[in-house]
Each structure stands twice: as C-alpha cells, then as structure tokens.
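# Observations on the three-dimensional arrangement
What follows is the residue order along each chain.
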Amino acid sequence: MSFIKRLLAPPVFDDEIKTQQTFVLHVVLWTLICVPIPYLIYTLLQEPEQVPRAILQAVFGEVVNAALLIMLHRGYVRAASMIQVSAFWLFFTVTAYTSNGVKSEAYTLGYGLVIVIAGILLGGRGSTAYTFLSLAAGGWMTLGRKDLPLDGVESSPLTTWIVSLLLFPLAATLQHLSSRTLKTALARARASEEKYRLISQVSFDYVFSSEVNAEGKSRISWVAGAFEKMTGYTFEEYMASGGWLAHLHPDEFEKDSKDMELLHKNQAVKTEVRTLTKNGEARWNQVFAHPVWDETKNRLVGIFGATRDVTEQREAQEKTQQILLQQAAILNNIPDIAWLKDLDSRYIAVNEQFIKTAGMSAADIIGKTDSDIWPKEYAESYRKDDVEVMQSRRRKSMEELQQDSAGREYWVETTKTPILNESGQVIGTTGIAREITEHKKAQEAERQRHAMLEKVMQLGKRVTELDDLRSTIVKIWHGVHDVLGYDRLAIFLFNPETGSMDDTVGTNNSGEMVELWDLSFPLGATFSAVLQSPDGIYFTRNYDTENNIPEGHEMHGVKDYVAVAAWAGSKPVAVICADNGITHRSIEGEQLEALRLFAGYAGLAIENSRLNSALREELSQRQTFINELESKNAELERFTYTVSHDLKSPLVTIRGFL
C-alpha cells in the first residue's frame, strides 16, 4: 500500500519550477497510462478490425510512459518533458496523416494540446518550436495529400491550415505570456521568500506544516523561518533524528497529547511547551497550531502553525513571579486586607484577605484599578486618597466605609504609605485596611446607650417631681411609650394587702392610652417571676408561643416582650409590661436597659406620690381637727362670755343696791 502511494505521489525537488513541471508531467503521464484502457474497449466493440493496430499503439504508449515515469522519479525532468512533448507531437502527426490530415481532430485539437503542454513543460521556447513544427507538418499534409479534396461545400484542408497559421501562434503567444507571468510571480515569491529568510535570521519564530495520517500520527512536512536558529538542526537532521516528539521535553508529553486531542476535535491550540535543541538545551516555545480538517473524511489531515521562542520572556516572568510570590507571602501573613499599587493606582499584588473581600481571583484583580473592582463612590474616594499620599509623600490613616463583593458595608481603618524607589521617586502606594466594624458598632452602641441614659435621667427627673399618683402613672406611661419607644405597655400597682396587681393605664392596639383603674389581677406566673427575679426583669423573644396565646387574643403574635419590676428600696411597688406588638420591631439591648433603669425612677416616683397623698390626707385630717378645735374654743368663749355676763348683771344690781 505504501509502495503504491509513493508511486502515485509526484516527486518533490528544491527547485519550485522543477517541482511544478514534475507535477504537471506526472499527472499527464498517469493520465496517458490510463487512456489506452477505454480506447481498447471502444476499439474492440466498435472497430474490431482495428484491434491489432490499437494494441500496438497501446503497448508502445505504455512503454514510453513507464520509461518517462522512471526518468521523472530519477530527476530527469527536462529530458522526460522533451520526450513526452515529442512523443505527443509524433502521435498526433501520425494520427492526422493516416486519417483526414489537417481536417482531423488530431491536427486541430492534438497540436493545440501539444503547444500548451510544451509551454508548461519546456517554457516559451519549447512552445514556439512545436508551433512551427506543427504548422510545417500541417503544410506538408495539405500539399502532400492529393487524395483530399481542396474545394467543396466544406472548408478545404488549405483553409484549415491557413486558419491554424493564426490559431497556433496565438496559442503559443498566450502560453508564453502565461509562462512569463508565472515566472514573474515565482520571482516575486522567491524575492519575498528571501526577505522572509533574512528577517527570520534575526527573529525567533518559524512556521510549519504537518501531515496527519489516518492513524492520527502527525509528521512535519515543511518549515520556514528561524527553524535552524531555534533548534540547531537543519530540517533534514531534525526529521532524521525523530522529529517533533523526539525533541519534546519529557515533562511535556502529557500536555502535547492533550493539545493533539483538541486539534483532532478541530479546535485551534495556543500552548507553551519546552523543546530540546541540538546542544541539549531546554527552550520554551509558544506554539500556535491550526487544524486542517477534511470534511469528506471528517478527520484531521494536517496542521498549520507557528512557533516562537519565549524562553527569555518565561525567565523574566518567572523572576517576576518569584518577586510577586515573595510579596504575596509577606502580604498573606498579614491578617488584614493588604495591597500594592502602581502610580496609576493599578493593583500590583494583593493578599488572600483582599481576594476574599473582593470576591474575585488574583488574576482578575492584578492590573485593575479600584473602579474595576469597587462601586464608583468608593473607588473615587480611594483614588483621591492615593493621589494625596503620593503627592504629599506621607503616610495617611483614616476610617472609611468599604463594601465587599456581597454588598455588605463595613468600617475599616486604612493606612496608606507611598512606595519610593532607590532614587527617592514615588512609584506607587501600599495599604493595609483593618476591619473595625465591631469597634464602630460598640462605639455607636455606647453613644446610643449614653443618649438613652440621658433621656432616662431627664425622664426620671420629670416623673419624680410629681406628687399625684394618677399624674405620675400617666407621666410614666408617656415616658415609656413616647421617649423609650415601646408600642404598647401597661402599668400595674402591687397591692400587698390583697396580694394582687391593680391595673392603672394601658395601651390599645392603636397605640393610644386607655385607663383601667378598676381592674385587678392575681399574681400569675409572669408577675411572680418578675417580682422574685434578682434583677427584677422578665424578657422573651417568643412570648406568644411560650405562653400558648390563642388566635384572637390581643397578645397573639407578640414575640419580644418585657416585664420590669419597679422598686422603692426593697419594697416592690409596680410592674411595667411592654412590647412592640404593633410595629413588630425587636427590643434592642439599649432599649431594654433604658426601661430597667427607668423602672427604678418609676418605683420611687410612685412611692413618693403615694407618700405625698398620705401626707396630704393626714394634713387634711389635722386641719379639720384644728378647725373643729377653734370652733369649740370660739363657742366656749361665747359661753364664758354669756355666763360672765349673766353673773355680772346681778352683781351690778347688788352693787347698785348696796
């Protein structure tokens, strides 16, 4: 099978023109070898009497064609071409002479074919020579054949020959022009190739073409460019020593195998692999390979590609990578967000915490600016700080808001420092950002707690100034509802005589105050828990479930609930119950603490109002007693006066008598 392929394949030579002539002659010869077969069959069926003549012609032609093929494969292209054209000319001459002369197809078509083939194989001179030979033979056949008519309805042989005097030279001229154009194009191609060769001598690239057989094995068939410079081999030496796979670095076989799998799937490949040069040096090559796909066979039949030496670039990259790895190792040991930027605020290196916060890979961050990573308002602020640090050449620390890839905003304490080179020039910035969100929250919570304590103190001052129990209770309700921000509340007074809780004021579902002075409740689980608790507070975030509150009840759906005892020293005075059952807001820690503290003021205020009421009642009773005493004294004075008057009158009378 391989012998037949080699036999059918035209030989290839270094000279491109010679190779082209060889290809044309090779096709012509194999065509002529196949032509006698249908010719013999036709003769056998249509003209049996001409079979001996046809066999003789066929044998002669096959012998000549076989001999010419042997000469062609041995490199005698010019001689084989001359013999072939001459054999063509003789064949058509004999055929024309033995048939209808210049009026036969052998003359009109055959000589035209000979002229064209002579131009292709022998050039313009050969085409011209066989044109003159063909015209001379036609003149001889026209004048020497007396048995052919020279006039009649049809055109005479002389007329045909005269017409050929115009057509054959025209065909030769056209063939000469075509040949000249081809030579000019080839000359330009050789000049271009020479330029490419000169350029390739100073470049580190070469192009290649490979053939892929049916078994999937590839073999380089052609190279151009800096091949010898890059490999150290001539193409012949390279192929003789095993080709591509023999010069591939052992560690690259698996990668090359995967690349070939992609090519066999009709996918282009761009890869970097190491190859071994003639002196054994390992060099990095960047390979671009494009598959040549045969649609009829539905498989890869070839590869076109280019190879570039990128060893220096790889070494530079590896050095840079080592530096970056060292920087990254330093940055990754920092638990905070850390980075390096150039003069344009493009990221040079980032640590793992930065990557985690940004939600991107390091490859997607390096070379990008803040505007490519963070929201616009943050990016603009970061860039402004970078410029300030580089211009001032001083370190800057600030607290600022940041946003991560999930959209979470958090506070960081950022320190940015200019990077100076050996000449003292600013070449970038470095920064560290430590999250202080919890610290900021603690500060904010402390601020809110302080503000709430201020409110509680002011509120406590106002409620303790009152001396009326009802007014005090109402003031306490407004303080808890309006100032401390609870949706609903109720205030119950502890009655030690009955051991019950007496209702005072509460809140409806619209958040309005309602007075419930006539209601009284026994000490239930909640009241008892509050009064017996060491800190005097009961709080839950799941009130309705814990207490099995049914649907329709006013407390159904209440989650956050608090009950706080109001004490006056060691004496329980009241219980304040509150929830956010209208807005369903959570009861935060500072709100809970404020209510607990305010309950202390409330207990004192309630006890004071009770004492004031008792004192006023006692004073009122004393005033009544004084008024009664004064009335009795006045009555006694009047009685004494009357008695005195009554006693005085007889005495006066007696005195008068005396």
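Up top you'll find the structure we're talking about.
A brief report on the enclosed structure follows. (Residues numbered from 1 in each chain as written. Predicted model: local features only at pLDDT ≥ 70, side-chain atom pairs only at ≥ 80, totals over all residues. Heavy atoms only, no water.)

### Comments concerning the packing of helix 16 (residues 437-464) against helix 17 (residues 469-483)
For the pair helix 16 and helix 17, the least separation of the axes is 10 Å and the interaxial angle reads 165 degrees. The orientation of helix 16 with respect to helix 17, classified from their angle, is roughly antiparallel. The handedness of the crossing between helix 16 and helix 17 is right-handed. Contacts from Lys 455, Leu 459, Arg 462 and Val 463 in helix 16 reach Thr 472, Lys 475, Ile 476, Gly 479 and Val 483 in helix 17. (Axes fitted to C-alpha atoms, helices over the stretch in contact; angles between N-to-C directions. Helix = DSSP H or I, 4+ residues; strand = E, 2+ residues; numbered from the N terminus. Parallel < 35°, antiparallel > 145°, perpendicular 65-115°, else oblique. Left-handed = near helix turned anticlockwise from the far one by under 90°. Contact = heavy atoms within 4.5 Å.)

### Section: the sheet that holds strand 6 (residues 337-342)
Read across the open sheet, the five strands follow the order 7-6-10-9-8; overall the sheet is antiparallel. The open sheet has two free edges, formed respectively by strand 7 (347-350) and strand 8 (396-403), since each of these has just one partner strand. Averaged over all neighbouring strand pairs, the angle between strand axes comes to 25 degrees, with direction disregarded. Pairing of strand 6 with strand 10 (residues 426-435), which is carried by six bridges, proceeds in the antiparallel orientation. Residue Trp 339 lies in a different strand from strand 10, and its bridge partner there is Gly 431. Of the strands in this sheet, strand 6, strand 8, strand 9 (409-420) and strand 10 are in contact with helix 15 (residues 376-392), which crosses strand 8 at around 165 degrees. (Pairing = 2+ DSSP bridges.)

### As for a nonpolar patch on the surface
A contiguous nonpolar patch, built from Ile 37, Ile 41, Leu 44 and Leu 45 and spanning about 430 Å² of accessible area, is present on the exposed surface. The topology assignment puts Ile 41 in helix 3 (residues 36-46). With relative accessibility at 48%, the residue Ile 41 sits in the partly exposed group. (Patch = residues over 30% accessible without salt bridge, like charges linked within 9 Å, V, L, I, M, F, W, Y side chains within 5 Å. Areas by Shrake-Rupley, 256 points an atom, 1.4 Å probe, with all protein chains shown as cover. Salt bridge = Lys/Arg side-chain N within 4 Å of Asp/Glu carboxyl O. Buried < 20%, exposed > 50% of the residue type's maximum accessible area, 1.4 Å probe, protein only.)

### As for the side chain of Glu 607
Structurally, the position occupied by Glu 607 is in helix 20 (residues 589-657). A relative accessible area of 13% places Glu 607 in the buried class. Leave out the neighbours within four places in its chain, and Glu 607 touches Ala 568, Lys 571 and Val 573.

### Remarks on the pattern of salt bridges
Across all of its chains, the model carries 25 salt bridges by this definition. Notably, a salt bridge pairs Lys 440 with Glu 399, separated by 3.3 Å at the nearest N-O pair. In this pair, Lys 440 is assigned in helix 16 and Glu 399 in strand 8, connecting sequence segments 41 residues apart. Residue class for Glu 399 comes out partly exposed when judged on its relative accessible area of 41%. Notably, a salt bridge pairs Asp 487 with Arg 585, separated by 3.0 Å at the nearest N-O pair. One end of the pair, Asp 487, is in the loop between helix 17 and strand 11 (488-495); the other, Arg 585, is in the loop between strand 17 (571-579) and helix 20, and 98 residues separate them in sequence. Among the residues examined, Asp 487 registers a relative accessible area of 9% and is labelled buried. Residues participating in the shared-partner salt-bridge network are Glu 281, Arg 283, Asp 309 and Glu 312.

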